[in-house]
2 protein chains.
Amino acid sequence: MTALFVDRLWAAVREKGSPVVVGLDPRPDHLPPPFAALADSDPAAAVTAHHRTLLDVVAKHAAVVKPQAAFFEAMGPPGSIALADAIECARERGLLVILDGKRGDIGSTASAYAEAWLGKSGYPRSDALTVNPYLGEDACRPFLDVAKERGAGLFFLVKTSNPGAGLFQNHGAPPLAEKVASQVAAWGRELTGASGWSSVGAVVGATRPEELARFRELMPETPLLLPGFGFQGGKADGLGAAFNSEGLGALVSASRSILWAHEREDLAHLPDWEQQVDAALGEMVEQVRPLCGSGR
Amino acid sequence: MTALFVDRLWAAVREKGSPVVVGLDPRPDHLPPPFAALADSDPAAAVTAHHRTLLDVVAKHAAVVKPQAAFFEAMGPPGSIALADAIECARERGLLVILDGKRGDIGSTASAYAEAWLGKSGYPRSDALTVNPYLGEDACRPFLDVAKERGAGLFFLVKTSNPGAGLFQNHGAPPLAEKVASQVAAWGRELTGASGWSSVGAVVGATRPEELARFRELMPETPLLLPGFGFQGGKADGLGAAFNSEGLGALVSASRSILWAHEREDLAHLPDWEQQVDAALGEMVEQVRPLCGSGR
């Protein structure tokens, strides 16, 4: 029996010394120069070639990657082969994989999504999946069942990183996002690991430092996935409330600021895209370091 | 320039004389007997072979099919090829395609989902996509933009068909689902067709006849997709509030009661699975007929 997701997660974060997650948002039109020609003729093959070297660089700094299903889907069926390859290659390099699909449906359809990404399907197994909770308890239950059975993790959307997230997520009193947070905490108590943390996580935008303390209070044992660092404006200042004194409790995710490092003027002096990614990721790790083990 | 989705939709419903939608939820373990052996060795190929004949039967009765992305994903990358084939084959038979993906994300990721299914991608274009609105206005905007550009349709989840839908969808006052409904109606006014109806639709469970009048009041020009007819317990009685006097306004969707007609005892007397599907679908069309042109 594999360890629970959350125990594997914190072990990996401790080993790498960083809670940084790299989002894989493959955009053939933004690949570094060596892949541009191939991207024109066979975008999915270009993405796969890019990932194989990229993941070597990523694995030096980060414990976790987060493939974004949408960008693979936009490449059509060849994109699904590129996604399977990315998951496989990440796992070969010892990286944990959070599949960012924001899936959600009911009954046997929800089970099918959970099995597709966390269970037995034609895709290599991911370690965790992001899930949209709008459809309710019974709709989220099949995801919980599969996660339990497979030792996998889930990250339910609670408060997303976009400026307009509040339209529905702040509706009512308490705001809907707080109601979802309480429910996520309750679900989490069914999947508590040896560390006391749960394998049921929550997504809260890294762009919302002012709300983190409240969400941490509502979800004391819930790993928080904080996307939107970097390009979307999220900064390390203020993310501290998500971490405990050992530097555990949250993952900080960035995508474009790392993947497209070759487009960054401040890194243009470096000789190739691998060194640009390496520098961008090293810089992010340094920015995030004060959050970890800072005695909070 | 293609006609707006909603104008194509009502023209097709009128031509077929029925608002019935058949959900394509391919489950290799539930395929009719002729496909069982192939389903063991190559599930996606078995599904494709099944669909090609199934869609001939479906096209006799229905104007619209609704492939369910989850079940294709559960087959891994070969499932994505089977999905592309199903979309293509449906369109070749003159069927409109609503891709049931319940997708939702922010910014460029939302655009990638919209382009994947409604725009230019490796998949044949679907006519409409189901979208989860939890992430807010700015997150739904890229879907609206692509739908506008491509003459496509959207169906936002408002109130789903599962028993526990109310946990979050009824939160607050007014209930969240009503707030979402009002927003969907507002978005819809940006995509109004020649018929006065909008290409922006809403999903409301066929299991909720008691709530339909209220949602129709909040969304007077919104096509309603009513899933859950048949297997989930939805019946024609009480769905009338969703239709106007011309029999337009809503689509009634069933999946398992049609797809798995060969497993139904009441149809066991028929000689083969095609005739069983034909009978199941003919029966559903008859059940739904009173909703159309009934002078409401």
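This text gives an overview of the structure that appears in the document. It should be emphasised that the depicted structure is a prediction, and the values quoted were computed from it without experimental measurement.

### Looking at the overall build of chain A
Helix and strand counts for chain A stand at 12 helices and 8 strands. Across its three principal directions, the C-alpha atoms of chain A cover 50 × 45 × 40 Å. Residues classed as buried in chain A amount to 62% of the 296 residues present. Relative to all contacts within chain A whose residues are 6 or more apart in sequence, the contacts with residues 24 or more apart total 72%.

### Some points on the interface of chain A and chain B
In this complex, chain A contributes 50 residues to the contact, which on the side of chain B involves 50 residues. Elements with a minimum of two residues in the side of chain A that touches chain B: α4 (69–73), α5 (77–92), α6 (107–118), α7 (137–150), α8 (166–169) and α9 (176–188) of chain A. Of the residues that constitute the side of chain A that touches chain B, the class distribution is 24 nonpolar, 19 polar and 7 charged.

### Brief notes about the sheet that holds strand β7 (residues 224–227) of chain B
In a beta sheet, neighbouring strands pair by backbone hydrogen bonds and run either parallel or antiparallel. Residues and elements named next belong to chain B. Taken together, 8 strands build a closed barrel; the order of strands is β1-β2-β3-β4-β5-β6-β7-β8 and the barrel is parallel. Neighbour to neighbour, the strand axes of the sheet diverge by 30° on average, direction disregarded. By the bridge criterion, 4 bridges tie strand β4 (residues 128–131) to strand β5 (residues 153–159) in an arrangement that is parallel. Looking at the pairing, V131 lines up with F156 of β5.

### A word on the sheet that holds strand β1 (residues 20–24) of chain A
Spatially, β1-β2-β3-β4-β5-β6-β7-β8 (chain A) is the arrangement adopted by the 8 strands of the closed barrel, whose pairing is parallel. The average angle at which neighbouring strand axes cross in this sheet is 30°, direction not considered.

### Here we look at unusual backbone geometry
Omega for the bond connecting A173 of chain A with P174 of chain A falls within 30 degrees of zero, at -5°, which places this linkage in the cis form. The residue P174 of chain A is located in the loop between α8 and α9 in this model. One non-glycine residue, K102 of chain B, adopts positive backbone phi at about 45°. With respect to the secondary-structure elements, K102 of chain B resides in strand β3 (residues 96–103). You can call K102 of chain B buried: it has 28 C-beta atoms within 10 Å.

### Some points on the relation of the copies chain A and chain B
The transform that puts chain A on chain B rotates by 180° and translates by 0.0 Å along the axis, for an RMSD of 0.0 Å. These values place the two chain copies in the arrangement generated by a two-fold rotation axis. Every residue of chain A has its C-alpha some distance from the rotation axis, and the shortest such distance is that of G172 of chain A, at 2.0 Å.

### Topic: the environment of G282 of chain B
Residue and element names in this part refer to chain B. Examined against the element boundaries, G282 turns out to sit in helix α12 (residues 273–288). A tally of 13 C-beta atoms within 10 Å means that G282 is categorised as partly exposed. A C-alpha to C-alpha distance of 9.2 Å links G282 and K60, two positions 222 residues apart in sequence.

### Some remarks on the nonpolar core
By size, the foremost hydrophobic cluster in this structure holds 219 residues, and its most contacted members are V158 and L226 of chain A together with V158 and L226 of chain B. Residues contacting V158 of chain A, with those up to four places away along its chain left out, are A177, V180, A181, V184, A202, V203, V204 and F215 of chain A.

### Here we look at the packing of helix α3 (residues 43–61) of chain B against α12 of chain B
Residues and elements named next belong to chain B. Between α3 and α12, whose axes approach to 10 Å, the crossing angle comes to 25°. Our classification of the angle between α3 and α12 gives roughly parallel. For the pair α3 and α12, the sense of crossing is right-handed. Contacts from T53, L54, V57, V58 and H61 in α3 reach E274, V277, D278, L281, G282 and V285 in α12. Of the residues assigned to the contact of α3 with α12, the class counts are 6 nonpolar, 3 polar and 2 charged.

### Examining the pairing of strand β2 (residues 64–67) of chain B
Residues and elements named next belong to chain B. Judged by which residues are buried, β2 turns out to be covered on both faces: V64 and K66 on one side and V65 and P67 on the other are all buried. In this sheet, β2 lies alongside strand β1 (residues 20–24) in parallel orientation, the contact comprising 4 bridges. When the sheet's bridge partners are listed, V21 is paired in β2 with V64.

### Remarks on α6 of chain A
Taking 1.5 Å per residue, 12 residues should reach 16 Å; α6 of chain A reaches 16 Å between its end C-alpha atoms and fits that length. Those residues of α6 of chain A that fall on the buried side of the exposure criterion are T109, A110, S111, A112, Y113, A114, E115, A116, W117 and L118 of chain A. Next to the buried residues of α6 of chain A lie β3 (96–103), β4 (128–131) and α7 of chain A together with α4 (69–73) of chain B.

### Examining the environment of V204 of chain B
All names here are of chain B. You can see V204 is positioned in strand β6 (residues 200–204). Residue V204 is classed as buried on the basis of its C-beta count, with 32 C-beta atoms lying within 10 Å. Along the sequence, V204 and P77 sit 127 residues apart, while their C-alpha atoms lie 31 Å from each other.

### Notes on the environment of G94 of chain A
Examined against the element boundaries, G94 of chain A turns out to sit in the loop between α5 and β3. As a C-alpha pair, G94 of chain A and A11 of chain A span 83 residues in sequence and 12 Å in three-dimensional space.

### Some points on helix α1 (residues 5–16) of chain A
Because each turn of an α-helix spans 3.6 residues, side chains separated by three or four positions in sequence point in the same direction. Residue and element names in this part refer to chain A. Between the first and last C-alpha of α1 there are 16 Å, a value that for 12 residues agrees with the 16 Å anticipated at 1.5 Å per step. Among the residues making up α1, those that are buried are F5, V6, R8, L9, W10 and V13. Contacts from the buried residues of α1 go to β3, β4 and β5 (153–159). Once α1 ends, the next one or two residues include G17, with phi positive near 70°.

Rules of the game
- Residues numbered from 1 in each chain as written.
- Chains lettered and ligands numbered in written order.
- Predicted model: local features only at pLDDT ≥ 70, side-chain atom pairs only at ≥ 80, totals over all residues.
- Helix = DSSP H or I, 4+ residues; strand = E, 2+ residues; numbered from the N terminus.
- Buried ≥ 20, exposed ≤ 12 C-beta atoms within 10 Å, placed from the backbone.
- Contact = placed C-beta atoms within 7 Å.
- Nonpolar A, V, L, I, M, F, W, Y, C, P; charged D, E, K, R; others polar.
- Pairing = 2+ DSSP bridges.
- Axes fitted to C-alpha atoms, helices over the stretch in contact; angles between N-to-C directions.
- Least-squares fit on C-alpha atoms with pLDDT ≥ 70 in both.
- Core = buried A, V, L, I, M, F, W, Y, C linked by C-beta atoms within 7 Å.
- Parallel < 35°, antiparallel > 145°, perpendicular 65-115°, else oblique.
- Left-handed = near helix turned anticlockwise from the far one by under 90°.
- Expected span 1.5 Å × (residues − 1).

All we've got here are geometric facts, nothing functional implied.
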